[in-house]
Amino acid sequence: MPILNKRLHITGIVQGVGFRPTVFNLAQKHALTGWVLNSAHGVEIELRGEENDLQAFIAELRQNPPPLAVIDSFTVEDAPAENFEGFHIHHSEDDASDFLPVSPDLNICPDCRRELFDPANRRFRYPFINCTNCGPRFSIVTGIPYDRPNTSMADFPLCPDCAGEYQDPANRRFHAQPIACPVCGPQVWYEEDGKRLAEREDAIQSARNALTEGKILAVKGLGGFHLVCDAKNPQTIEKLRLRKRRSGKPFALMAFDVESIRLYARVSPEEERLLNSPMAPVVLLESTPAGKELARLVAPDQNRLGFMLPYTPLHLLLLEPAEAFPKVLVMTSGNLSEEPIAYTNEDAHARLSQLADGFLLHDRPIHTRIDDSVVSMIDGVPHIQRRARGYAPLPIRIPAASLPALACGTELKNTFCLVREGYAFVSHHIGDLENRETLTAFEDAVRHYEKIFRVHPRLLAADMHPDYLASRYARQRAVDENLPLVTVQHHHAHIVSCMADNQLPPREPVIGLAFDGTGYGTDGAIWGGEVLLATWEKFERPWHFEYLSLPGGDAAVRKPARMALSLVLQAGIDPDSFPFAFHHSLDAEEQTAVANQVRTGFNTPKTSSLGRLFDGVAALIGLHQQISYEAQNAIALETIASPDEKAAYDFPLQDGLILVSPLIAAIVADLRNKIAPGIISARFHNGLAACAVNVSRKIRADKGIRKVALSGGVWQNKTLIKQTITALQSAEFEVFWSRKLPVNDGGVALGQALVALSLSGNLKE
Ligand code: ZN
Ligand code: ZN
Ligand code: FE
């Protein structure tokens, strides 16, 4: 048997995931000599041994890479003959021009979980236990390469025991950068009124006692602070809503295990897998009858509850089941509504003291704040609604870009996107860029991503809306750094994002159904019900929903009663001919004002937004006349839809317009006939799904296009998207929707970047 030398080169998420120890152990097993090292390109391996041993090694590594590794490429080549003394792990090489993907923060692994509750283990009940397979990553990275000095663990020198594990290739904690133990690692403490009342184990017990008593706590977790309280205590929930100034918005929940969640929500096998996955997101689950009781407190208007499992050892200790201890905790982000989540101890003291009765704190700094991700399942496929912890900053593969680029994203649910070569780094959820604090969080995050992924943008992209803070940031930067700036239409970016997410070819046009809340149109109107023919480079708009009047602009967004009256007027119906629900929330004066605005167009933007149509229809049939958060009425409307109703309202197509007035006339006729709101809602949903098929058929007849891309916030409506996908598929369309990115504005930045790169001729195919 000949003795050969082979060189392996592996790229992707291959650092910080236990790759080198796996390679080391495999080399021992197959009696190979050589070395492995982390380079700025990935992992390099040199091997020497008998040919069949080499083949066995390669096959085994390909088939069983470390569980958290994501391999992009795996190449094997012959290497010149060279002898080695055994097998060694060499020091990292760094090439300042290259970059490495950084692993997201990971759910506690089963091994660490077992050790956490094992009295014989030296990390028994230690709230920061972690290993190569789990624990904090992205949130603690301060620089590159990913080594302990470049994390927020830099100030915790390893004790001899931890150092031994860190250096032992056979140990599960070999080169686990956040490794810690009770001797050398971070600690927790509990505070009330600025006084430290308890340390370590006692701190957790004090926090548990406070939660049992109905107090609201600020708890420092992995990516930031949560406000935490007993989810079943009505007084506490009421207090939390008042303090957080969050009237109707749902709160995320945490329970100790899946069995506890099942008391309140149905959990399918796929959903259970997702709850337990390394990402451990909040999963939106269908409520059981007991869950509906709970939802009345924590998620009004919804038939779904957002649950997650404890994803850090600290959360496991905090939620451990006990006789009087609450079974379900609210775990909502530690902020006032609209502000970014608090993440440093100082920040929490400053901003959360008014909100929390006590603080469970620790001294491991969080370098990058990151919210919990939110995911729902559609027919067993994850549908990401908020992409943050556990997912970001994993890159998305794209065709190679010849210029590094930055796309600044949208106003609401902002994310940004940095592109270099064949990778798009879509940031974690930043939030609504409507205030100074969120803008600062955005600017800090852009700087950090540019640093750790070594991207120096030579091209900028932004939304066409001139007043978005992200667009202003882009304009300023274009001037300061003398860079080209491309502005991109919001819904074009939505559809391109969906195309790229599904790896559709850039130049082959698709039918894009952008059903959305708000986006600035090329004609200055507010778009959001658009049927586009799109490639990455350009789009046409063959159909769109009929423009409606938005009397008073934002006033009509916050008060859908105004929208309902506007719809009635638009359809030529006398508002006084029926006791509409809006009569109760608009006095005579406001009704006259709205009517004047609709007639004259004064302070009344035109909109094709389906988000606004949902708001208006919901108000028309008696749901919220006033809302406290975006999409509240759309969610309420979806919640009441009768699943058994099959009839559908008609949306006639005429000269490029999808008409809405006939819909309003039909709804008003049903109201007069005392048809139940749940039936009306179902007919509205059915009608929209049918309309999506009809308009797609028109385009297929005309242009022969069969691929349909769905994007825009309206598709977060599970009833609507499921129905539409089924209907389009049975009409023999190929349907695509976002998978790795949110279907809402959180996915738009990727589309912006790709449109800008295509338009400027900077994409290699
Ligand atoms: Zn672990
Ligand atoms: Zn230690
Ligand atoms: Fe949008």
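Just so you know, these numbers come straight off a predicted model, no measurement behind them.

Novice: Give a detailed account of the sheet that holds strand E7 (residues 195–199), specifying residues and quantitative values.
Specialist: Taken together, 11 strands build an open sheet; the order of strands is E7-E6-E14-E8-E9-E13-E10-E12-E11-E15-E16 and the sheet is mixed. The open sheet has two free edges, formed respectively by E7 and strand E16 (381–386), since each of these has just one partner strand. Between one strand axis and the next, the sheet turns through 35° on average, direction left out of account. Here strand E9 (residues 225–230) pairs with strand E13 (residues 328–333) via five bridges, running antiparallel. Its bridge partner being in E13, aspartate 230 is matched across the sheet by leucine 329. In the packing of helix H5 (residues 200–212) onto the sheet, the strands contacted are strand E6 (188–192), E7, strand E8 (217–220), E9, E13 and strand E14 (358–362), and the crossing angle to E6 comes to about 45°. Where helix H23 (residues 718–730) meets the sheet, it contacts strand E12 (304–308), strand E15 (374–378) and E16, and its direction lies at approximately 40° from that of E15.

Novice: Can you tell me about the state of the cysteines, naming the residues and giving the values?
Specialist: On inspection of all chains with the given rule, the structure shows zero disulfides. Counting only cysteine sulfurs, cysteine 408 is the nearest neighbor of cysteine 417, a cysteine outside any disulfide, at a range of 10 Å.

Novice: Go over the coordination of the zinc ion (ligand 1) with me, naming the residues and quoting the values.
Specialist: Within the first shell, the zinc ion (ligand 1) binds the protein through Cys109 (SG), Cys112 (SG), Cys131 (SG) and Cys134 (SG), at distances of 2.3 to 2.4 Å. In this structure, the zinc ion (ligand 1) is coordinated by four donor atoms arranged in tetrahedral fashion, with angles at the metal of 104 to 122°. Counting the intervening residues between successive donors of the zinc ion (ligand 1) yields the motif C-x2-C-x18-C-x2-C. The exposure class assigned to cysteine 134 is buried, which follows from its relative accessible area of 1%.

Novice: Summarise the pairing of strand E11 (residues 282–286); cite the residues concerned and give the values.
Specialist: Among the five residues of E11, four are classified as buried, and the element is accordingly described as predominantly covered. In the sheet, E11 pairs with E15 via two bridges, with the strands oriented parallel. Bridge pairing in E15 places valine 282 opposite valine 374. Sheet analysis places E11 next to E12, joined by four bridges and oriented antiparallel. Opposite glutamate 286, over in E12, you have arginine 304 as the bridge partner.

Novice: So, the domain arrangement of the chain: which residues are in play, and what are the values?
Specialist: In terms of domains, the chain is made up of domain 1 (3–89), domain 2 (101–381), domain 3 (395–500 + 748–759) and domain 4 (545–737). Here domain 3 and domain 4 have C-alpha centroids that lie 31 Å from each other. At the interface, five residues of domain 3 touch seven residues of domain 4. Roughly 500 Å² is buried in total at the junction of domain 3 and domain 4, and carbon and sulfur atoms are behind 63% of that figure. There are one salt bridge connecting domain 3 and domain 4. Lysine 413 serves as the salt-bridge partner of glutamate 630, at 2.9 Å between the closest nitrogen and oxygen. One can count two residue pairs in polar contact (both at pLDDT 80 or more) joining domain 3 with domain 4. Grouping the amino acids of the side of domain 3 that touches domain 4 by side-chain chemistry returns three nonpolar, one polar and one charged.

Novice: Help me get a handle on the nonpolar core, residues and values and all.
Specialist: With 65 residues, the main nonpolar core has Leu513, Leu613, Leu620, Leu663, Phe684 and Leu710 as its most contacted residues. Apart from the residues lying within four places of it in its own chain, the contact partners of leucine 663 are Leu613, Val617, Tyr649, Asp650, Phe651 and Phe684. Counting residues in each nonpolar core, the second largest holds 43 residues, with Phe128, Leu217, Tyr311 and Leu360 among its members.

Novice: Now, about the layout of surface pockets: what can you tell me, with residues and values included?
Specialist: The calculated volume of the second largest pocket comes to roughly 790 Å³. Looking at the second largest pocket, it is lined by 28 residues, and the ones nearest its centre are Glu286, Glu638, Lys718, Thr719 and Lys722. Of all the elements in the fold, those that place two or more residues in the lining of the second largest pocket are helix H8 (269–275), E11, E15, helix H20 (632–640), helix H22 (677–703) and H23. When residues in the lining of the second largest pocket are grouped by element, the largest group, four residues, is from H23. In the lining of the second largest pocket, the residues fall into seven nonpolar, nine polar and 12 charged. Domain assignment of the residues forming the lining of the second largest pocket places at least three in each of domain 2 (101–381) and domain 4 (545–737).

Novice: Give a detailed account of H23, specifying residues and quantitative values.
Specialist: With 13 residues, H23 ought to run about 18 Å at 1.5 Å a step, and its terminal C-alpha atoms sit 18 Å apart, in line with that. Within H23, the full set of buried residues consists of Lys718, Leu720, Ile721, Thr724, Ile725 and Leu728. One face of H23 carries all of its buried residues, which in axial projection span an arc of 165°. The backbone nitrogen of threonine 719 has a side-chain oxygen 3.2 Å away, supplied by the residue at the start of H23, namely asparagine 717.

Novice: Please give an account of the pattern of salt bridges that cites residues and values.
Specialist: Applying the stated criterion across every chain yields a total of 44 salt bridges. Note that glutamate 201 is salt-bridged to arginine 125, the shortest N-O span being 2.9 Å. Of this pair, glutamate 201 sits in helix H5 while arginine 125 sits in the loop between helix H3 (110–116) and helix H4 (160–167); the two residues are 76 residues apart in sequence, bridging distant segments of the chain. Across the pair aspartate 670 and arginine 683 runs a salt bridge, and its minimum N-O distance is 2.8 Å. One end of the pair, aspartate 670, is in helix H21 (residues 661–672); the other, arginine 683, is in helix H22, with 13 residues separating them in the sequence. Pair check on accessibility: aspartate 670 and arginine 683 agree, each one buried. Residues joined by salt bridges that share partners form a network here, namely Asp111, Arg114, Glu115, Arg172 and Arg173.

Novice: Which residues make up helix H12 (residues 436–452), and what are the values?
Specialist: Residues lying three or four places apart along an α-helix face the same way, a consequence of the helix completing one turn every 3.6 residues. Its 17 residues give H12 an end-to-end C-alpha distance of 24 Å, which sits within 8% of 24 Å, the value for a rise of 1.5 Å per residue. In this structure, the buried residues of H12 make contact with strand E18 (405–407), strand E19 (417–420), strand E20 (423–426) and helix H13 (469–481).

Novice: Pulling in residues and values, what's your account of the packing of helix H16 (residues 560–570) against helix H19 (residues 610–620)?
Specialist: It is the contact of H16 with H19, at a shortest axis distance of 7 Å, that shows an interaxial angle of 90°. Judged by the inter-axis angle, H16 sits roughly perpendicular to H19. Two secondary-structure elements touch here, H16 through Pro560, Ala561, Met563, Ala564, Leu567 and Val568 and H19 through Arg612, Leu613, Asp615, Gly616, Val617, Ala619 and Leu620. For the contact of H16 with H19, the per-class residue count stands at 10 nonpolar, one polar and two charged.

Novice: Explain the sheet that holds strand E1 (residues 3–13) residue by residue, including any values.
Specialist: Strand pairing in a sheet relies on backbone hydrogen bonds. The paired strands run either parallel or antiparallel. If you trace the five strands from one edge of the open sheet to the other, you get E4-E1-E3-E2-E5, paired in mixed fashion. Edge strands, defined here as strands with exactly one partner in the open sheet, are strand E4 (70–78) and strand E5 (87–89). Recorded for the sheet is a direction-independent mean angle of 15° between the axes of neighbouring strands. The strands touched by helix H1 (residues 19–29) within the sheet are E1, strand E2 (33–39), strand E3 (42–50), E4 and E5, with E5 carrying the most contacts at an inclination of about 175°. Its contacts with the sheet place helix H2 (residues 51–63) against E1, E3 and E4, and it is angled at close to 150° to E3.

Novice: Describe the packing of aromatic side chains, naming the residues involved and giving the relevant values.
Specialist: Summed over the entire model, instances satisfying the criterion amount to 17 aromatic pairs. Ring centres 5.8 Å apart and planes at 90° place the aromatic pair phenylalanine 416 and phenylalanine 442 in the edge-to-face group. Of this pair, phenylalanine 416 sits in the loop between E18 and E19 while phenylalanine 442 sits in helix H12, placing them 26 residues apart in sequence. By relative accessible area, phenylalanine 416 is classed as buried at 0%. With a relative accessible area of 0%, phenylalanine 442 lands in the buried category. Centre to centre, the rings of phenylalanine 425 and phenylalanine 453 are 3.9 Å apart; their planes meet at 15°, and the pair counts as stacked. Of this pair, phenylalanine 425 sits in strand E20 while phenylalanine 453 sits in the loop between H12 and strand E21 (459–463); the two residues are 28 residues apart in sequence, bridging distant segments of the chain. For the pair phenylalanine 425 and phenylalanine 453, one class covers both residues: buried. A network of ring pairs unites the aromatic residues Phe138, Phe416, Tyr423, Phe425, Phe442, Tyr449, Phe453 and Tyr473 as a single cluster.

Calculation rules
Residues numbered from 1 in each chain as written. Chains lettered and ligands numbered in written order. Predicted model: local features only at pLDDT ≥ 70, side-chain atom pairs only at ≥ 80, totals over all residues. Heavy atoms only, no water. Pairing = 2+ DSSP bridges. Helix = DSSP H or I, 4+ residues; strand = E, 2+ residues; numbered from the N terminus. Axes fitted to C-alpha atoms, helices over the stretch in contact; angles between N-to-C directions. Contact = heavy atoms within 4.5 Å. Disulfide = S-S within 2.5 Å. Donors = N, O, S within 2.8 Å, 3.2 Å for Na, K, Ca; no water. Tetrahedral: all angles 85-135°; square planar, octahedral: opposite > 155°, others 65-115°. Buried < 20%, exposed > 50% of the residue type's maximum accessible area, 1.4 Å probe, protein only. Domains from an automatic or database assignment. Buried area = accessible area lost by both parts, 1.4 Å probe. Salt bridge = Lys/Arg side-chain N within 4 Å of Asp/Glu carboxyl O. Polar contact = N/O pair within 3.5 Å; in protein donor to acceptor, adjacent residues only side chain to side chain. Nonpolar A, V, L, I, M, F, W, Y, C, P; charged D, E, K, R; others polar. Core = buried A, V, L, I, M, F, W, Y, C linked by side-chain atoms within 4.5 Å. 1 Å grid on protein atoms, 1.4 Å probe; cavity = no way out; pocket = protein on both sides within 12 Å on 5 of 7 lines; lining within 4 Å. Points joined across faces, edges and corners; volume = space filled by probe spheres on them. Expected span 1.5 Å × (residues − 1). Arc of directions from axis to C-beta. Parallel < 35°, antiparallel > 145°, perpendicular 65-115°, else oblique. Phe/Tyr/Trp six-rings, centres within 6.5 Å; stacked < 30°, edge-to-face > 60°.

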